[in-house]
Protein chains: 2
Amino acid sequence: MRVLMESWIRFLQEDIVQALEKLDPNAPKFQRDSWVRPEGGMGQSCVFAAPTASEGQKEFILEKAGVNISIVHGTLPPPAIKQMRADHTSMPLPEDAPGGLPFFAAGISLVIHPKNPHAPTCHANYRYFEITDPASASAGAEVAPKTLAWWFGGGSDLTPSYLYPSDATHFHQTHKSACDAFSPSFYPALKKWCDEYFYIPHRSESRGIGGIFFDDLHAGPHARLPDNPRTLDSIFVFVKSLGAAFVPAYIPIVEQRAKTPYTDEQRRWQLIRRGRYVEFNLVVDRGTKFGLMTPGARVESILMSLPETARWEYMSEMGADEETEEGKLIRVLKEPKEWV
Amino acid sequence: MRVLMESWIRFLQEDIVQALEKLDPNAPKFQRDSWVRPEGGMGQSCVFAAPTASEGQKEFILEKAGVNISIVHGTLPPPAIKQMRADHTSMPLPEDAPGGLPFFAAGISLVIHPKNPHAPTCHANYRYFEITDPASASAGAEVAPKTLAWWFGGGSDLTPSYLYPSDATHFHQTHKSACDAFSPSFYPALKKWCDEYFYIPHRSESRGIGGIFFDDLHAGPHARLPDNPRTLDSIFVFVKSLGAAFVPAYIPIVEQRAKTPYTDEQRRWQLIRRGRYVEFNLVVDRGTKFGLMTPGARVESILMSLPETARWEYMSEMGADEETEEGKLIRVLKEPKEWV
């Protein structure tokens, strides 16, 4: 699975980056940036940042975008194991591992922030995790390590500044179709999980209009997915289908909305909404917090999800009036909707 | 002390706001915004936000500033007590309080973000905290509650985007003089504590060039301040002297630097530095995290500390070259200096 997963995320990264580059042929290409993790493993970041626009210069569709993959391995120290046990209660992680536990993790993670306030931000992430027996690791490289636990996690969600219900429906429908091919129970479960996860408690609002989210998908029974696929291979097929849904779910939306004219006030609202995006990622998101706490983590890759620019206003009046376009978004963020 | 503290922070708030308004007589006045906490207590926010500048319009000295006071009371729920016990190990908080603990807190908190990249951001906060006996609270309002623990905390620190060593020296010297009037051991202890507190571990750099910081100042012995004042009254006199140092420590700096011409690149660097300010406040700062976790907290006041605008660039080259003005700041943030 390690080799298969690595090869799939490499392919998906290139596929998505090419789709994004095709969106705006006049924009600079993504910067492809390979890195090596001294503690074990490597990654490749593909990043786009629009050059600071001079007066009168044509603007690009994207403002900031990153499509990263990482394939890393090493030993989880006991505090990280403790955190992992708390976050993944259904995984059979050993109680006691004073020397730490060997792990392998491979994943793709992406965040796209378009420039136009009518074009939504989008995030997706698919990852495979493995914990192996410390005893078999010390037996030497010629012995294949015994896997103690493995699981997949991931999902994709959309964060608009202005609500276009047809965009929300298209994004959800595309992911629903990918789920329905496996079981009609998957999309409702993953949609609900997404609404719960991407929630900002101190603002009492969702980060965006949702999508799908899952974790701990493995061969055992799953508390939130009663008829989950039960083999490594069938789970991998499912995850690949979800990953393949990203381009058709998102690209047509940004392609259309990037042409909509916008005002300075609409841009201001977008930057305020991006402030909330920053709050979710830095205050709430489990993955970001776990990443920043991990010694040797690549901070530039973890925080690549942050927007190029964000804004905070004290007691902003924008969004307070339910009848405005800004207020309509807030209403949906306060009370998640069914989009399909 | 409750009445004295409330009256002092009201005075200090007005004093500081007037000093800031005098800096820039052509700017709009601060917006004074009183609020009531439904669970008990009240506050007043004095906030400045520069109107979005139109083309060619004269810019104001401040971009965003908030000077807040709050005087609140209520019951700390057991999880908050647990957190408080961990943060204030020297305070004699009861082990077991299933119904929670009555508290009183009064403080002033301010953050000033000037527009000009040469003028530094500044933060200050002084607070008084009291925990009272739940038994005496239930005995009725006519019985004065028995105080189980009380302490003062606070400090002030400077966050420049461009390093002017003379500014750093002036800011530190002004606070050192206020400390030295009580004991020569105070400034070195509070300066060191400030360097330790305002540190961003995931960036391996300080938030700014420091200042002073202290907590748990009470009548008992203090681990970090061997000859601390040991009565409520003498501690209050000390805290008032530190608060009084804010205007002479900061206002002359911003007055001078706000006149320095700046380039778009220098503004860009300022926004990147503000991104780090956001990271400290949302990821690291104990006070912000505690505040956002507290039910009924006034989120707009807590997050008033965030800058109006911030910026994140992936692998930014700014600051990487030690010979540039940006690089000189980074060197000092990586290795705190003695300024006086």
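Right above here is the structure, for reference.
Because the structure is predicted, anything quoted here is derived from the model rather than measured.

Novice: Even after reading the chapter, I still don't get the overall build of chain A, so can you show me in this structure?
Specialist: Each helix and strand counted, chain A has 11 helices and 10 strands in total. Computed over its C-alpha atoms, the radius of gyration of chain A comes to 20 Å, within 12% of the 20 Å expected for a compact globule of 340 residues. Expressed as a percentage of its 340 residues, the buried residues of chain A come to 57%. Of all intrachain contacts in chain A linking residues separated by at least 6 positions in sequence, the fraction that spans at least 24 positions is 73%. A total of about 14,100 Å² of accessible surface is found on chain A, and carbon and sulfur atoms cover 57% of it. Between the centroid of the 36 positive side chains of chain A and the centroid of its 42 negative side chains there is a distance of 1 Å.

Novice: What am I meant to see in the environment of A:Q13 here?
Specialist: Its location among the elements puts A:Q13 in helix α1 (residues 2–23). Setting aside residues up to four positions removed in sequence, A:Q13 forms contacts with A:Q44, A:S45, A:C46, A:V67, A:N68, A:I69 and A:I108.

Novice: Is there a simple way to explain the relation of the copies chain B and chain A in this structure?
Specialist: Between the two copies of the chain lies a relationship made up of a rotation around an axis and a movement along it. For the pair chain B and chain A, the superposition axis carries a translation of 0.0 Å, the fit reaches an RMSD of 0.0 Å, and the rotation angle comes to 180 degrees. Taken together, the rotation angle and the small translation identify this as a two-fold axis. A share of 100% of interface residues in chain B that are also interface residues in chain A marks the association as one of identical surfaces.

Novice: Can you walk me through the packing of aromatic side chains in this structure?
Specialist: Residue and element names in this part refer to chain A. Within the structure shown, the criterion is met by 40 aromatic pairs over all chains. Taking 6.4 Å as the distance between ring centres and 35 degrees as the angle between the ring planes, the aromatic pair formed by Y126 and F214 counts as tilted. Residue Y126 is located in strand β5 (residues 121–132), and its partner F214 is located in strand β9 (residues 210–217); the two are separated by 88 residues in the primary sequence. By the burial criterion, Y126 is buried, and F214 matches it.

Novice: Is there a simple way to think about the interface of chain B and chain A in this case?
Specialist: Quite often, the size of an interface is put as the accessible area lost when its parts meet. Across the boundary between the two partners, chain B contributes 30 residues, which contact 30 residues of chain A. Among the residues of chain B in contact with chain A, B:E300, B:W312 and B:Y314 are the three that bury the most area, contributing 29% of the side total. Counting across the interface, chain B meets chain A through four salt bridges. When the shortest N-O distance is used, the salt bridge between B:E300 and A:R203 registers 3.2 Å. Here chain B is connected to chain A by 17 residue pairs in polar contact (both at pLDDT 80 or more). Counting residues per element, the ones that place at least two in the side of chain B that touches chain A are β1 (31–36), β2 (41–49), α8 (264–284), α10 (299–302) and β10 (309–311) of chain B. Considering each element in turn, the side of chain B that touches chain A owes the most residues, five residues, to α8(B). Here the side of chain B that touches chain A is composed, by residue class, of 14 nonpolar, six polar and 10 charged. Sheet topology places strand β10 (residues 309–311) of chain A next to β10(B); three bridges connect them, and they run antiparallel. Looking at β10(B), one finds that A:A310 is bridged to B:A310.

Novice: What am I meant to see in the sheet that holds strand β1 (residues 31–36) of chain A here?
Specialist: All names here are of chain A. Spatial ordering of the open sheet is given by β1-β2-β3-β4-β5-β6-β9, a layout of seven strands whose pairing is antiparallel. Edge positions in the open sheet fall to β1 and β9, since each of these has one partner strand only. Between one strand axis and the next, the sheet turns through 10 degrees on average, direction left out of account.

Novice: What is the right way to read the environment of B:S166 from this model?
Specialist: With respect to the helices and strands, B:S166 occurs in helix α4 (residues 165–180). It is 19 Å that separates the C-alpha atoms of B:S166 and B:R207, two residues lying 41 residues apart in sequence.

Novice: Is there a simple way to explain the pairing of β1(A) in this structure?
Specialist: Residues and elements named next belong to chain A. As judged from the six bridges shared by β1 and strand β2 (residues 41–49), these two strands associate in the antiparallel manner. Bridge pairing links Q31 to V47 in β2. Linkage of β1 to β2, two consecutive antiparallel strands, is achieved through a turn of four residues, within which G40 is found at a positive phi near 135 degrees.

Novice: Please explain the pattern of salt bridges as it appears in this structure.
Specialist: Oppositely charged side chains are able to pair whenever their charged atoms sit close together. In total, this model carries 57 salt bridges over all chains according to the counting rule given. As a salt-bridge pair, A:E63 and A:R274 come within 2.7 Å of each other at their nearest N and O atoms. One end of the pair, A:E63, is in strand β3 (residues 62–76); the other, A:R274, is in helix α8 (residues 264–284), and 211 residues separate them in sequence. When its relative accessible area of 4% is taken as the criterion, A:R274 is described as buried. Two residues, B:K328 and B:E325, come together in a salt bridge whose shortest N-O distance is 3.1 Å. Of this pair, B:K328 and B:E325 both sit in helix α11 (residues 325–334), separated by three residues, roughly a single helical turn. Here the salt bridges do not stand alone but share partners, grouping A:E265, A:R268, A:R311, A:E313, A:E317 and B:E308 into one network.

Cut-offs used in this document
Residues numbered from 1 in each chain as written. Chains lettered and ligands numbered in written order. Predicted model: local features only at pLDDT ≥ 70, side-chain atom pairs only at ≥ 80, totals over all residues. Heavy atoms only, no water. Helix = DSSP H or I, 4+ residues; strand = E, 2+ residues; numbered from the N terminus. Rg over C-alpha atoms; globule rule 2.2 N^0.38 Å. Buried < 20%, exposed > 50% of the residue type's maximum accessible area, 1.4 Å probe, protein only. Contact = heavy atoms within 4.5 Å. Areas by Shrake-Rupley, 256 points an atom, 1.4 Å probe, with all protein chains shown as cover. Lys, Arg positive; Asp, Glu negative; His and termini not counted. Charge placed at Lys NZ, Arg CZ, Asp CG, Glu CD. Least-squares fit on C-alpha atoms with pLDDT ≥ 70 in both. Phe/Tyr/Trp six-rings, centres within 6.5 Å; stacked < 30°, edge-to-face > 60°. Buried area = accessible area lost by both parts, 1.4 Å probe. Salt bridge = Lys/Arg side-chain N within 4 Å of Asp/Glu carboxyl O. Polar contact = N/O pair within 3.5 Å; in protein donor to acceptor, adjacent residues only side chain to side chain. Nonpolar A, V, L, I, M, F, W, Y, C, P; charged D, E, K, R; others polar. Pairing = 2+ DSSP bridges. Axes fitted to C-alpha atoms, helices over the stretch in contact; angles between N-to-C directions.

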